[in-house]
Amino acid sequence: MYLQAHPKKKKDDIYNYYSLAESYREDGKSKKRIISYLGKLTPEKAQQIRNVLKISLSIDTIVTTIDDLLLEDHWHYLDVAFLNHLWENEWGLSGLFPLPEETSKNRKKDISTCDIAKILTFYRCLDPGSYLNAVDWFKTTSCDLITGIDKTHFNESRIYRELTSIEQQKEKIEQWLYETLKERDNESMRMVFYDLSDSHFEGTKCELARPGQTKSHGFKSKRVVLSLLVNSKGEPFSWDILEDYTADVKTLTENADKWAQKFGFKKMTLVFDRGMVSDDNLKHLENSLKYQYITALNKNQISGVEGIKSERFRNFTEETLKKEIISIGLTKYDDNTYYEDLGVDSDKRRHVLVFSPGLLETHRKAREMFIEKAIGELEQEKQSLLEAKKSRQVKPTEKRIDKILNKFKVNQFLSYRIESTVLTKNSGSEVQTFNLVYERKTETIKKAMLTDGIWMLVTNICENTEPAEYRFGPRELIKAYRDKNRVEEGFKEVKSFLKFQPTFVYTKEHVRAHYTICILSYLLDVSITNKLRENWIEGVSSVNKMYRILGRCEIGKLGLKGDKSRILKLTSMTNVQKNILDMFNCKYLGMKNHLKSIGVKKM
């Protein structure tokens, strides 16, 4: 039964008359009949009748006032449900963890290793913090409804007990990811990117940490070194925390052998940063026959490359015209990049020279800035020596000066000598000190300027590389090395948004498990990032933004004053939230049947 309007026009006005009507079927056809004519009604009266009819037709409908309606509690839903979809449907990660009976022979476990890994991964994505706070975070979400976990069993002691079990699955996860990524897109696994980064601990001892210089925070007494291997889409498939780490260049050969044995691939192109380049590393990769490599030389190695002819660049500046650059044998790559394939040298290594006027300006400004800063501090040291109150010694004085030159890395551009001098104090006593004399190494600076704006690729990929699909031209080599920032982005995610630090765990197994959780979080993040690169949604510019948008769709507990019964209701979804679910093929998360299955009603 429903209220039907009958609009009638009188002169220039339209009046609504109403009747009660109902639908019925006759001879297989839908028909309607008028039960009663009600005449002209005000809009308010018509709405009241509609409300009464709605109550009479639904057993779920109740009559109340806004003042009697209670919203007792609310929990995040759509962000967690979305991540659960990625975990289960996109990546099928649950199957990689043992069943409760496989890890507990004596008693039945109330919560599985997979459940703990899943919740901690979601936590690292959405609100990273300590594992103690993970328990409080869990209570603000609908994870219990989505995963079927009894929230009373998710506690700090259970988390720490399961971390060891999580770490025991690391190699299985790596192997599965490698095979899955290869099966999904074999092309993305032909070229992989490797990098190292570091983090550090404060306070309590960490068994994996060692004293060392970090890349962002200076010297730390408890530093850990992280390694990460991703495919050309930035998707991770191997990672580690390196013990007894000494230098970047010494990690590559050991890891390369480990990957070849673990994954059993026939051939792989490895792209890595210039900080790992050494002759021994390159020879090891060349001799293994499993690897092709693409990397770059440090600036101080460039001048020794065969065929570079650096004298060609003597008069180049940032204003040098395109035609002048091309006239010396370079080819345009893009508006600010030019290249020359130098071919294969006597060591059977191929070099590609890359020149950028913008980089030339950067190199020269940086060198001059550091030289000037060093001179400023040398002047202060000189003044201190000439105003000495006590006699100075040669060795400590030279050590202080060398420290200044090392600080700004200008040893090769500035030379100095100290000349003995004697100061006579007012009392007549003498002070043995020095005069500091320094000067620019003009010829050395001019020689360094010949390679300003240049970076040099080195690879073992040549014209006769087999199989043929592993051959790359110079443009492809340049693009590949530039794309190494995918792994750098991975580390940025792990260390910032996913926050490897602080870890709040300290045993070897727990720290390693923590890193595995971070990587699984990054895997979900990069899945979102790659999808956003392919499809644009207005208002969704990043993974973070997507999580915030989805996080506003919550489940609320509703009730009435004086009535103990309660219902769970999902807030209405916005168009942007619906578009996100549609992009990731998970519209079901907002549909009535799915919500009903977890005990929630749809608005």
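Here, the structure is the one placed above.
Residues numbered from 1 in each chain as written. Predicted model: local features only at pLDDT ≥ 70, side-chain atom pairs only at ≥ 80, totals over all residues. Heavy atoms only, no water.

1. Concerning the pairing of strand β14 (residues 414-424)
Inference 1: Across eleven bridges, the pairing between β14 and strand β15 (residues 430-440) is antiparallel. The residue bridging arginine 417 from the neighbouring strand is valine 437, located in β15.
Inference 2: From the end of β14 to the start of β15, which pair antiparallel, there are five residues, and glycine 428 there has a positive phi angle of about 95 degrees. (Pairing = 2+ DSSP bridges. Helix = DSSP H or I, 4+ residues; strand = E, 2+ residues; numbered from the N terminus.)

2. Considering the side chain of threonine 320
Inference 1: Looking at where threonine 320 falls in the secondary structure, it is placed in the loop between α11 (299-302) and α12 (322-327).
Inference 2: Given the relative accessible area of 11%, threonine 320 is considered buried.
Inference 3: Of note is the side chain of threonine 320, whose polar atom sits 2.8 Å from the backbone nitrogen of threonine 317.
Inference 4: Ignoring anything within four residues of it in the chain, the contact list for threonine 320 reads Asn315 and Ile325. (Buried < 20%, exposed > 50% of the residue type's maximum accessible area, 1.4 Å probe, protein only. Polar contact = N/O pair within 3.5 Å; in protein donor to acceptor, adjacent residues only side chain to side chain. Contact = heavy atoms within 4.5 Å.)

3. Description of the nonpolar core
Inference 1: The biggest cluster of nonpolar side chains holds 132 residues, and the ones touching the most others in it are Tyr77, Phe82 and Leu270.
Inference 2: Excluding anything up to four places from it in sequence, phenylalanine 82 contacts Ile528, Met546, Leu550, Ile580, Leu581, Phe584, Cys586 and Leu589.
Inference 3: Counting 17 residues, the second largest nonpolar core, distinct from the first, contains Ala374, Leu385, Ile401 and Val410. (Core = buried A, V, L, I, M, F, W, Y, C linked by side-chain atoms within 4.5 Å.)

4. Considering unusual backbone geometry
Inference 1: Backbone torsion omega between glutamate 466 and proline 467 reads -5 degrees, so that peptide bond is classified as cis.
Inference 2: Residue placement: proline 467 occurs in the loop between β16 (454-459) and α16 (474-482).
Inference 3: Even without being a glycine, lysine 348 presents a positive backbone phi close to 65 degrees.
Inference 4: Its location among the elements puts lysine 348 in the loop between β12 (337-344) and β13 (350-355).
Inference 5: The phi dihedral of asparagine 585 is positive, around 55 degrees, even though this residue is not glycine.
Inference 6: Looking at the secondary structure, you find asparagine 585 in the loop between α20 (575-583) and α21 (592-597).

By themselves, these figures tell us nothing about what the structure is for.
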